Structures are given as C-alpha cells and as structure tokens.
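So the chains spell out like this:
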Amino acid sequence: MSAAEVIAALKARGWMMATAESCTGGLIAGAITEVPGSSAVFDRGFVTYSNAAKIDMLGVSPATLDAHGAVSEEVAAEMARGALDRSAAQVAISVTGIAGPGGSDHKPEGRVCFGLATGVAVMTETVEFGAPGRTEVRRRTVEHALSLLLRAAGEEAGFS
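These notes cover the structure that comes with them. It should be emphasised that the depicted structure is a prediction, and the values quoted were computed from it without experimental measurement. (Residues numbered from 1 in each chain as written. Predicted model: local features only at pLDDT ≥ 70, side-chain atom pairs only at ≥ 80, totals over all residues. Heavy atoms only, no water.)

Turning our attention to the sheet that holds strand 3 (residues 91-97). Spatially, 2-1-3-4-5 is the arrangement adopted by the five strands of the open sheet, whose pairing is mixed. What marks the edges here is a single partner per strand, and that holds for strand 2 (42-47) and strand 5 (122-128). This sheet shows a mean twist of 15° between the axes of neighbouring strands, independent of strand direction. Inspection of the sheet shows strand 3 paired to strand 4 (residues 111-118) by seven bridges, in the antiparallel sense. The residue of strand 4 that forms the bridge with Ser94 is Gly115. Strands strand 1 (17-21), strand 3, strand 4 and strand 5 of the sheet are contacted by helix 6 (residues 134-154), whose axis makes an angle of about 25° with strand 4. (Pairing = 2+ DSSP bridges. Helix = DSSP H or I, 4+ residues; strand = E, 2+ residues; numbered from the N terminus. Axes fitted to C-alpha atoms, helices over the stretch in contact; angles between N-to-C directions. Contact = heavy atoms within 4.5 Å.)

As structure tokens, this is what we get:
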C-alpha cells in the first residue's frame, strides 16, 4: 500500500485530507506530498509534538490529556476531530505514540494510537509495534496510517 494509492482513492472520492501528527513529526504529510499531484487531495498537516501544541492547534482538551495522557485513543480522537474541524478536509488522520527509545510498563515503546475522522464518524485504534527502534516504529506508523486512509476513502459511510 502506497501514498499514491491513497491519493488516487481520495481523488476518486472527491475528498481532501488533513494530518495531525505527534510521534511521526510530519512523516505522514511528507509521504503524501512526496507524490506528484498530491495537492489535489492534501489540505494541511498539523505537527503537534507537545501537549501545548495539541491544545492550541487542534483543540485537544487539557482534561483529556490529564485523564488519559498524550498517548491514548481519547487524545488521538480529539486530534483527528480537531484537524478535520480546522481544515477543508473530509478526512483527517492522527497519530500519537511512543517511538522510542524508552517508554514505561504502562505505555511501552512502540505503542501508537491512531485516530481517523470524517464528517460521519471518528474511529480510533492502538497498535503495538514493539521495540524495533525509533525509525522503524515511525515507518510502520506511516504505513498503517496510509492503510487507514485508504480504507476510509473506499467506504460509503462511517467505518466498518
């Protein structure tokens, strides 16, 4: 699965996309915009590495951050919804996680929470990539985010 496939699917759907990235630092947006013609579907990207940026740029609730931490499906959902609401996109993908090195027993290295928002629904999921190293966690995160976007672009409404 490639960024070019995501772009083709979004074009076919007539959708624009936005990204809200923490642990990937803009790599999803970079993968999309690496492809010629991506301007037809890519509206904007938010790199919100700090909690303050998540709050200021995406409207993530400080109470959600306090209750669940930045690496949580709750924050991923608010990031995706915030990116959707602050863009001209019809779909937004968000990622927040621990690329490593490090982590804790409660939130281990390689844990990444994903959010995907459309005007119809917001879905979240957590993927445990393990500890293959920072670069590999980030690469796998981009790959998984692209697969979620491709799936969303192919659905009629909501998420399966």
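Take the environment of Ser38 next. On the secondary structure map, Ser38 appears in the loop between helix 2 (27-33) and strand 2. The class for Ser38 is buried, based on a relative accessible area of 7%. Sequence-wise, Ser38 and Leu10 are 28 residues apart; in three dimensions their C-alpha atoms are separated by 9.8 Å. Ignoring any residue separated from it by four or fewer positions in sequence, one finds Ser38 in contact with Ile7, Ile32 and Thr33. (Buried < 20%, exposed > 50% of the residue type's maximum accessible area, 1.4 Å probe, protein only.)

The next point concerns the pairing of strand 1. Extensive coverage of strand 1 is indicated by the burial of five of its five residues. Along strand 1, one buried face is formed by Met17, Thr19 and Glu21 and the opposite face, lined by Ala18 and Ala20, is buried too. Pairing between strand 1 and strand 2: five bridges, direction parallel. Across the sheet, the residue bridging to Ala20 is Phe46, located in strand 2. You can see the chain leave strand 1, run along helix 2 and come back into strand 2, and the turn it takes is right-handed. Here five bridges tie strand 1 to strand 3, and the two strands are oriented parallel to one another. (Right-handed = clockwise from strand over helix to strand, strands pointing away.)

Side chains that differ in charge, positive against negative, can pair when their charged atoms come close. For the structure shown, the criterion picks out six salt bridges. The shortest N-O distance in the salt bridge between Glu136 and Arg140 comes to 2.9 Å. Of this pair, Glu136 and Arg140 are both found in helix 6, four residues apart, which corresponds to roughly one turn of the helix. Overall, the relative accessible area of 22% leaves Glu136 in the partly exposed class. Accessibility expressed as a relative area gives 29% for Arg140, which makes it partly exposed. Counted as one network, the salt bridges with shared partners bring together Glu136, Arg139, Arg140 and Glu143. (Salt bridge = Lys/Arg side-chain N within 4 Å of Asp/Glu carboxyl O.)

Where helix 3 (residues 51-58) is concerned, the buried positions are Ala53, Lys54 and Leu58. Down the axis of helix 3, the sector holding all buried residues measures 105°, keeping them to one side. Gly59, located one to two residues past helix 3, shows a positive phi value of around 75°. (Arc of directions from axis to C-beta.)

From the geometry alone we can't say anything about function, so treat these as descriptive.
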